[in-house]
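Next come the chains, spelled out residue by residue.
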Amino acid sequence: MDLQAHLNAISGFNNLELLASQVVEGFISGMHKSPFHGFSAEFAEHKVYNSGESTKHIDWKLYARTDKLYTKRYEEETNLRCHLILDNSSSMHYPLLSDSELNKPNKIAFSVLAAAAIMQLMKKQRDAVGLSVYAEKFEYYAPEKGSERHHHMLLDQLNTILSTKDTASITDTYANLHFIAEKLKRRSLVFLFSDLFQNEMEQDRTFEALQHLKYNKHEVVFFHTYDSATELNFNFNNSPKRFKDVETGKHIDVYSDNIKKEYSTAVNAYFETIKLRCAQYKIKYVAADIQQGFAPILSTFLVERKQFL
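Residues numbered from 1 in each chain as written. Predicted model: local features only at pLDDT ≥ 70, side-chain atom pairs only at ≥ 80, totals over all residues. Heavy atoms only, no water.

## Comments concerning the overall build of the protein
Okay, step 1: What the protein contains, in helices and strands, is 10 helices and 11 strands.
Okay, step 2: Put simply, the protein has 309 residues, and 46% of those count as buried.
Okay, step 3: Counted over contacts in the protein with a minimum sequence separation of 6, partners at least 24 positions apart contribute 75%.
Okay, step 4: Counting only carbon and sulfur atoms, one obtains 51% of the accessible surface of the protein, whose full area is about 16,700 Å². (Helix = DSSP H or I, 4+ residues; strand = E, 2+ residues; numbered from the N terminus. Buried < 20%, exposed > 50% of the residue type's maximum accessible area, 1.4 Å probe, protein only. Contact = heavy atoms within 4.5 Å. Areas by Shrake-Rupley, 256 points an atom, 1.4 Å probe, with all protein chains shown as cover.)

## Side note on helix α7 (residues 200-215)
Okay, step 1: Over its 16 residues, α7 runs 22 Å from end to end, which matches the ideal 22 Å to within 8%, given 1.5 Å per residue.
Okay, step 2: Among the residues of α7, Gln203, Thr206, Phe207, Ala209, Leu210, His212 and Leu213 are the ones counted as buried.
Okay, step 3: A positive phi of about 75° marks Lys217, the residue just after α7. (Expected span 1.5 Å × (residues − 1).)

## Comments concerning the confidence of the model for the protein
Okay, step 1: Put simply, the protein has an average pLDDT of 78, and 75% of its residues get 70 or more.
Okay, step 2: When pLDDT is averaged over each element of the protein, strand β5 (residues 128-134) comes out on top at 94 and helix α2 (residues 13-32) at the bottom at 43.
Okay, step 3: Throughout residues 11-32 the model reports pLDDT below 50, and contacts reaching past four residues in sequence, or to other chains, amount to 45 contacts.
Okay, step 4: Note on residues 34-42: pLDDT under 50 across the span, and 17 contacts to partners over four residues away in sequence or across chains. (pLDDT = per-residue confidence, 0-100.)

## Remarks on the nonpolar core
Okay, step 1: By size, the foremost hydrophobic cluster in this structure holds 36 residues, and its most contacted members are Leu84, Leu86, Ile118, Leu158, Phe191, Phe193 and Phe223.
Okay, step 2: Sequence-distant contacts of Phe193, that is, excluding residues within four places in its chain, are made with Leu84, Ile85, Leu86, Asp87, Met92, Ser111, Ala114, Ala115, Ile118 and Phe223.
Okay, step 3: Grouped together as the second largest cluster of nonpolar side chains are 25 residues, Ile85, Ile180, Leu210 and Val267 included. (Core = buried A, V, L, I, M, F, W, Y, C linked by side-chain atoms within 4.5 Å.)

## Comments concerning the packing of α7 against helix α9 (residues 256-280)
Okay, step 1: At a closest axis distance of 12 Å, the pairing of α7 and α9 adopts a crossing angle of 25°. With respect to α9, the axis of α7 lies roughly parallel. For the crossing formed where α7 meets α9, the hand is right-handed. Listed contacts from α9 to Gln203, Asp204 and Phe207 of α7 are Tyr270, Thr273, Ile274, Arg277 and Cys278. (Axes fitted to C-alpha atoms, helices over the stretch in contact; angles between N-to-C directions. Parallel < 35°, antiparallel > 145°, perpendicular 65-115°, else oblique. Left-handed = near helix turned anticlockwise from the far one by under 90°.)

## Section: the pattern of salt bridges
Okay, step 1: Under the criterion given, the structure shown has seven salt bridges.
Okay, step 2: With its nearest N and O atoms 3.0 Å apart, the salt bridge here joins Lys123 to Glu148. Linking Lys123 in helix α4 (residues 107-124) with Glu148 in helix α5 (residues 148-163), this pair joins segments that are 25 residues apart in sequence.
Okay, step 3: We note a salt bridge from Arg277 to Asp204, for which the minimum N-O separation is 2.5 Å. Taken as a pair, Arg277 in helix α9 and Asp204 in helix α7 lie far apart in primary sequence, 73 residues in all. (Salt bridge = Lys/Arg side-chain N within 4 Å of Asp/Glu carboxyl O.)

## Focus: the sheet that holds strand β6 (residues 138-145)
Okay, step 1: The mixed open sheet is built from six strands, whose spatial order is β6-β5-β4-β7-β8-β11. Both outer strands of the open sheet, β6 and β11 (284-289), are each paired with one neighbouring strand and no more. When strand polarity is set aside, the average angle formed by the axes of neighbouring strands in this sheet is 15°.
Okay, step 2: With six bridges joining them, strand β8 (residues 219-226) and β11 adopt parallel strand pairing. Bridging from a neighbouring strand, Tyr226 pairs with Asp289 of β11.
Okay, step 3: Here helix α6 (residues 173-183) sits on the sheet and contacts β4 (81-87), β5, β6 and β7 (189-194); the angle it forms with β6, its principal contact strand, is near 25°.
Okay, step 4: Relative to the sheet, α9 contacts β8 and β11, its axis offset from that of β8 by approximately 170°. (Pairing = 2+ DSSP bridges.)

## Side note on the packing of aromatic side chains
Okay, step 1: Overall, the coordinates contain 12 aromatic pairs when judged by the stated rule.
Okay, step 2: Taken together, a centroid distance of 6.0 Å and an interplanar angle of 35° make the contact between Phe191 and Phe223 tilted. Residue Phe191 is located in strand β7, and its partner Phe223 is located in strand β8; the two are separated by 32 residues in the primary sequence.
Okay, step 3: The class for Phe191 is buried, based on a relative accessible area of 0%.
Okay, step 4: The cationic tip of Lys183 hangs over the ring face of Tyr141; the distance from NZ or CZ to the ring centre is 4.6 Å.
Okay, step 5: Its guanidinium or amino end placed over the ring of Tyr174, Arg205 lies 3.8 Å from that ring's centre, counting from NZ or CZ. (Phe/Tyr/Trp six-rings, centres within 6.5 Å; stacked < 30°, edge-to-face > 60°. Lys NZ or Arg CZ within 6 Å of the ring centre and 35° of its normal.)

Okay, structure coming up:
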């Protein structure tokens, strides 16, 4: 499957690139400003020279004009480092696709397309991008690099995810996020794509792992992928149905109308809890409903970035 061709063909992606060209300067350059000061080509300001400081950055031309000692202060410009994390567990392969049509993606296809679009934006800015993929075990890791060869290697890995048939696998988000946090040595913008379907204890452990990333000074953006039609609103007809846990194989036979109200109440409460915890830990929460498609969601996210930078 040619992922790049799909990206170019999908309606709205070209518009997304046009939008990105307009907003990416604010989206990216705001992240490039470093709080540290050192030597670079970007002059920031003069400050009065204090006795005992290094004379390395004294502005001697200004001294000749004013007879006062000032040092040049520079603002360090750094390239943005971005790391994409994809949950590749069985629940992310819902709903099952009958073909490779990506205009109506399932959760993993949505995540792959959105990740590829972000990579494209970073490539335009010559920024470094890395990728991690996990399910129960850690499946793939590539550090942040900005070369053309590296970009194509990551695209090939994303293609592999789309073309590989899913085998039942549970999720160990907690252990894998801790592992990734240990591997990321330099401050990065981290994107996590996951449905985060797990019990309360696992949720606590997952946010503990996300705290690990925040503690290491990474900025974390969580794309919460879900299918609003069935996973949130439980829109099934009332014929007898078997609902199966794709990760554990457990199932239950029910009439959907009998449990729809209780299900919707519980899931909506769970989603609100995730949003609140993201706010608590200063993690950017992005609702990624696959029914909307990835282009408008990324567009909205980029516009928000521009507003707040």
